[in-house]
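# Breakdown of the fold
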Amino acid sequence: MPNPSRPRNNGTQQDPAVRRTNFEEVAQSFTKEEAMLEADRCLHCPTHPCQNACPVGVHIPDFIAQLKAGDAGAAASEIMKTSLLPAICGRVCPQEKHCEGHCVLKAKFGSVNIGGLERYAADTARAEGALKPPVPAAATGKKVICIGSGPSSLACAAELRRAGHEVTVLEALHAYGGVLRYGIPSFRLPREVINKEIETVQSMGVTFKTDVLVGATVTVEELLKKYDAVYIGSGAGLPTMLGIPGENGVGVYSANEFLTRVNLMQAYKFPQTDTPIKVGENVIVLGGGNSAMDAARCAMRLQPQTVTIAYRRSREEMPARVAEVEHAQEEGVQFEYLVTPKEILQDEKGRVTGVRFTRNKLGAPDEKGRRRPVEIPGSDFVQPADTVITAIGQRPNPTIAKTTPQLKVTERGVIALDENGHTSMPGVYAGGDIIRGGATVLLAMKDGLDAAGKINEFLKGK
Ligand code: FAD
Ligand code: SF4
């Protein structure tokens, strides 16, 4: 009989005092015994509310049952029926909003640690050589291009390959993975895990090419002449600007640039690497999402005296994963809630000296149900800083849209889809952050899978 009343095992983490000085993974994997005990809490609900709340419908009770039986390989195979990146999703998905948020045990005993179990299943199966990628169907003779190598394109490419098509992924950067690699730090998602998951997709026969910027190296129209269909999963890699005085000061970074330097270029290893990074004594990060948490926690590891996250609303409205907020706090990141930055102050040489803020109170909810910040007149104050990192949102890079005039984009610059999920160009499909303007790994993967289904239908009629 399952034992749901055993307290949820949140897993162990590196000691905060130690981990704030290194880039090694914070959360540690379950041992086999821990995984079996946590799996034993699951009630295997016939209506599986956890599975219904997962954007890609991972067979949660079934994979947990395989773990309980001690078979990590079978558990991983069960997950991979709908999600080809289990070691990544187990680590970075906002489970509290999806599966774990809907677990029937949540209120009384604490949800089953589904993320921890997914990660354990994937890591263990891979270590045991039991992680088997799906076998592609017989060759169809059809060729598809996926633009970008983030989670959305990876999911689409793998699904299309599974159907027997010849698939090529084109990536603008020199490394694959999109935000997984240049945005999310190694202490949350080790590079080895990304490499291994991409190797799984490669082992299915998907071809990958780096340093191809579609819209410059080659256009979408040119690709359509050589390939039967094109999937655009180019993400939202451009930072949103604050539009306040001082934003061009020396010592102001967008989270995008800061994280790319640290994660992709490994600037924290300078001078062993080519890219330097310097944060000074006091760092202010503006924003409350995952980018803000990641930037703050990376900055902390560069050993300044203080790192402060300044957010316009209160803790309840912060969009970041709960675990990341808690980890940031444990590592010594300070939080200043209900403040709006009005100006980034500089000295005579243009170097950042601080930020002038106005305090807010919470007003009526906005269209997403989050209470709006309302400024309190006369409440301005200055907080000193040498480095300011802006993390207030992302938007799509316009390169593809500008060079593909037939492709309809919205005012926000995201690719527009019709009610059937089609772009304005026959044979061209899109998904992930390029249609959502910034979302989550799983939603990007779901879009990739949905588009693969549509491309399959399209290719059948070709
Ligand atoms: P991306 O991951 O952005 O990948 C797009 C790829 O396309 C990039 O590699 C880019 O170089 C390439 N590309 C762009 N233009 C071209 C072109 N013209 N030609 C060729 N290639 C091109 N989500 C979570 O679920 N959990 C988290 O913990 C989390 N943390 C995050 C932390 C940060 C710092 C950020 C920025 C986002 C985070 N997210 C998180 C959101 C999540 O990472 C994204 O929603 C997801 O990666 C989007 O996937 P994608 O495939 O659409 O785009
Ligand atoms: Fe198990 Fe919770 Fe899902 Fe029920 S809702 S099947 S207890 S993980």
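Treat the numbers as computed from the prediction; the structure is a model and nothing was measured.

Cut-off values and rules
Residues numbered from 1 in each chain as written. Chains lettered and ligands numbered in written order. Predicted model: local features only at pLDDT ≥ 70, side-chain atom pairs only at ≥ 80, totals over all residues. Heavy atoms only, no water. Phe/Tyr/Trp six-rings, centres within 6.5 Å; stacked < 30°, edge-to-face > 60°. Helix = DSSP H or I, 4+ residues; strand = E, 2+ residues; numbered from the N terminus. Buried < 20%, exposed > 50% of the residue type's maximum accessible area, 1.4 Å probe, protein only. Lys NZ or Arg CZ within 6 Å of the ring centre and 35° of its normal. Domains from an automatic or database assignment. Contact = heavy atoms within 4.5 Å. Buried area = accessible area lost by both parts, 1.4 Å probe. Salt bridge = Lys/Arg side-chain N within 4 Å of Asp/Glu carboxyl O. Arc of directions from axis to C-beta. Near = heavy atom within 4 Å. Polar contact = N/O pair within 3.5 Å; in protein donor to acceptor, adjacent residues only side chain to side chain. Areas by Shrake-Rupley, 256 points an atom, 1.4 Å probe, with all protein chains shown as cover. Nonpolar A, V, L, I, M, F, W, Y, C, P; charged D, E, K, R; others polar. Axes fitted to C-alpha atoms, helices over the stretch in contact; angles between N-to-C directions. Left-handed = near helix turned anticlockwise from the far one by under 90°. Pairing = 2+ DSSP bridges.

## Looking at the packing of aromatic side chains
If you walk through the whole model with that rule in mind, you get seven aromatic pairs. Each ring, one from Phe 23 and one from Phe 187, has its centre 6.0 Å from the other, and the planes form 55 degrees; the classification is tilted. A residue pair is termed long-range when its members are at least 10 positions apart, and Phe 23 in the loop between helix H1 (16–19) and helix H2 (32–39) and Phe 187 in the loop between helix H9 (179–182) and helix H10 (191–203) qualify at 164 residues. Given the relative accessible area of 10%, Phe 23 is considered buried. Each residue in the set Phe 23, Phe 187 and Tyr 268 is aromatic and connected to the rest through ring pairs, giving one cluster. We note Arg 301 situated over the ring of Phe 187; from NZ or CZ to the ring centre the distance is 3.7 Å. The ring of Phe 381 has Arg 359 sitting right over it, with the charged end atom 4.1 Å from the ring centre.

## A closer look at the domain arrangement of the protein chain
Partitioning the protein chain into structural domains gives domain 1 (16–127), domain 2 (143–237 + 395–461) and domain 3 (241–392). Centre-to-centre, using C-alpha coordinates, domain 1 lies 31 Å away from domain 3. If you look at the interface, domain 1 gives 14 residues, while domain 3 gives 14 residues. Where domain 1 abuts domain 3, roughly 1,200 Å² becomes buried across the two surfaces, and 51% of that area is made up of carbon and sulfur atoms. The largest share of the area that domain 1 buries against domain 3 comes from Arg 19, Arg 20 and Phe 23, three residues that together contribute 54% of it. Along the contact surface separating domain 1 from domain 3 lie two salt bridges.

## Comments concerning helix H14 (residues 322–330)
Within the sequence span of H14, burial applies to Glu 324, Val 325, His 327 and Ala 328. The buried residues of H14 occupy one face: seen down the axis, they fall within an arc of 165 degrees. Looking at the buried residues of H14, the elements they touch are H1, helix H13 (290–300) and strand E9 (334–336). Note on H14: the residue one or two positions beyond its end, Gly 332, has a positive phi of about 105 degrees.

## Digging into the site of ligand 1
Looking at ligand 1, there are 36 residues lining it, with Val 92, Glu 171, Arg 188, Val 214 and Asp 433 nearest. Gly 178 places a polar main-chain atom, nitrogen or oxygen, 3.5 Å from an oxygen atom of ligand 1. Taking 1,000 Å² as the accessible area of ligand 1 by itself, protein coverage stands at 94%. Contributing elements (two or more residues each) for the shell around ligand 1: helix H8 (151–162), H9, H13 and helix H17 (441–460). No other element matches the three residues that H13 contributes to the shell around ligand 1. Looking at the shell around ligand 1 residue by residue, the class counts come to 18 nonpolar, 13 polar and five charged. Residue-level mapping places the shell around ligand 1 at the junction of two domains, with at least three residues from each of domain 2 (143–237 + 395–461) and domain 3 (241–392).

## Looking at the packing of helix H5 (residues 72–80) against helix H7 (residues 114–127)
Running from amino to carboxyl end, H5 crosses H7 at an angle of 115 degrees, the nearest separation of the two axes being 8 Å. Pair H5 / H7 crosses with left-handed handedness. Residues Ala 72, Gly 73, Ala 75, Ala 76 and Ile 79 of H5 pack against Glu 118, Ala 121, Thr 124 and Ala 125 of H7. When its residues are assigned to classes, the contact of H5 with H7 shows six nonpolar, two polar and one charged.

## Details of H2
Within the span of H2, buried status applies to Ala 35, Glu 38 and Ala 39. End-on view of H2: buried residues confined to an arc of 100 degrees, all on one side of the axis. Looking at the packing, one finds that the buried side of H2 touches helix H4 (60–68) and H7.

## Some details on the site of ligand 2
Ligand 2 sits among Cys 42, Leu 43, His 44, Cys 45, Pro 49, Cys 50, Pro 61, Cys 103, Val 104, Val 112 and Ile 114. Residues belonging to the shell around ligand 2 are distributed by class as follows: 10 nonpolar, one polar and no charged.

## Details of the pairing of strand E2 (residues 166–170)
In terms of burial, E2 is a largely internal element, four of the five residues being buried. Looking at chain direction, strand E1 (residues 143–147) and E2 are connected through five bridges and run parallel. Along E2, the bridge assignment pairs Lys 143 with Glu 166. Note: E2 against strand E3 (residues 207–209), three bridges, orientation parallel. Looking across to E3, one finds that Thr 168 is bridged to Thr 207.

## As for the pattern of salt bridges
As enumerated under the stated definition, the model contains 32 salt bridges in all. For Asp 40, the salt bridge identified is with Lys 68, shortest N-O distance 3.6 Å. Placement of Asp 40 in the loop between H2 and helix H3 (49–52) and of Lys 68 in helix H4 is noted, with a sequence separation of 28 residues between them. Look at Asp 40 and you get buried, because its relative accessible area is 17%.

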